[in-house]
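Chains, contacts and geometry: an overview
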Amino acid sequence: DSGVTQTPKHLITATGQRVTLRCSPRSGDLSVYWYQQSLDQGLQFLIQYYNGEERAKGNILERFSAQQFPDLHSELNLSSLELGDSALYFCASSPSPGHEQYFGPGTRLTVT
Amino acid sequence: AQSVTQLGSHVSVSEGALVLLRCNYSSSVPPYLFWYVQYPNQGLQLLLKYTSAATLVKGINGFEAEFKKSETSFHLTKPSAHMSDAAEYFCAVSDRGSSNTGKLIFGQGTTLQVKP
């Protein structure tokens, strides 16, 4: 158990819908990262927050957004979903940028 | 820009044999390097990390990796494979450029099969 929690574990939804994925970092970790894992793209960095502020953006679509709340949990919002958004979405946390990251169990999103 | 290349998408070894998973990196700054393991339907678990201290790094479950700057490599080894080692392994480099975000850039992964 890494100490990072993600909910829900599985999500099945239809094209065009909007979903929210939730992540709680390890106690004391200020930095939260979101990654997408798919068969064709592998593991891709999406976005990073540090102590409530956006720190870096990767290959994140404009339909996707995220935020980190004062209690340091983070949410990833995916809207206007397409079939190609089906993937595993991981959250990871670290004490600060550059330290090792600890991954949650992931949310498997299936868009039908 | 930083990148990671894992040589061999599938590696098959017999139980008790040496495990060698190859990783080469590209980085314009001294890199921080990591190996993660992913078991089926699970998240990524940190095996070991290199952060510019000792070049031979020992991790969990008997794995170790050696940082070789001249070869830009960070190969993962284990002297004797166990059936429970069957999983997917990812090498990653941390973004330590001017932005120093710490985001991980992953290789494509290597699936390790262990035969009885």
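Everything below is about the structure printed above this text.
Residues numbered from 1 in each chain as written. Chains lettered and ligands numbered in written order. Predicted model: local features only at pLDDT ≥ 70, side-chain atom pairs only at ≥ 80, totals over all residues. Heavy atoms only, no water.

**A look at the interface of chain A and chain B**
Taken together, the contact between chain A and chain B spans 21 residues of the former and 20 residues of the latter. Among the residues chain A hides against chain B, the three largest losses belong to Leu-43, Glu-100 and Phe-103 of chain A. Together they make up 33% of the total. At the boundary of chain A with chain B, the tally comes to 1 salt bridge. Across the contact surface, chain A and chain B share 7 residue pairs in polar contact (both at pLDDT 80 or more). (Contact = heavy atoms within 4.5 Å. Buried area = accessible area lost by both parts, 1.4 Å probe. Salt bridge = Lys/Arg side-chain N within 4 Å of Asp/Glu carboxyl O. Polar contact = N/O pair within 3.5 Å; in protein donor to acceptor, adjacent residues only side chain to side chain.)

**What about the side chain of Ser-79 of chain A?**
Residues and elements named next belong to chain A. The topology assignment puts Ser-79 in the loop between strand E8 (74–78) and strand E9 (87–94). Among the polar contacts listed, one links the side chain of Ser-79 to the backbone oxygen of Arg-63, at a separation of 2.8 Å. Beyond its immediate stretch of four places on either side in the chain, Ser-79 contacts Gln-17, Arg-18, Arg-63 and Phe-64. (Helix = DSSP H or I, 4+ residues; strand = E, 2+ residues; numbered from the N terminus.)

**Notes on the sheet that holds strand E7 (residues 64–68) of chain A**
Hydrogen bonds between backbone atoms are what pair the strands of a sheet, whose relative direction is either parallel or antiparallel. Residue and element names in this part refer to chain A. The strand order E1-E3-E8-E7 describes an open sheet built from 4 strands, whose pairing is antiparallel. In this open sheet, the two edge strands, each paired with only one partner strand, are strand E1 (5–7) and E7. In this sheet, adjacent strand axes meet at a mean angle of 15° when their direction is disregarded. In this sheet, E8 lies alongside strand E3 (residues 19–24) in antiparallel orientation, the contact comprising 5 bridges. Note on E8: the bridge partner recorded for Arg-22 is Glu-75. (Pairing = 2+ DSSP bridges. Axes fitted to C-alpha atoms, helices over the stretch in contact; angles between N-to-C directions.)

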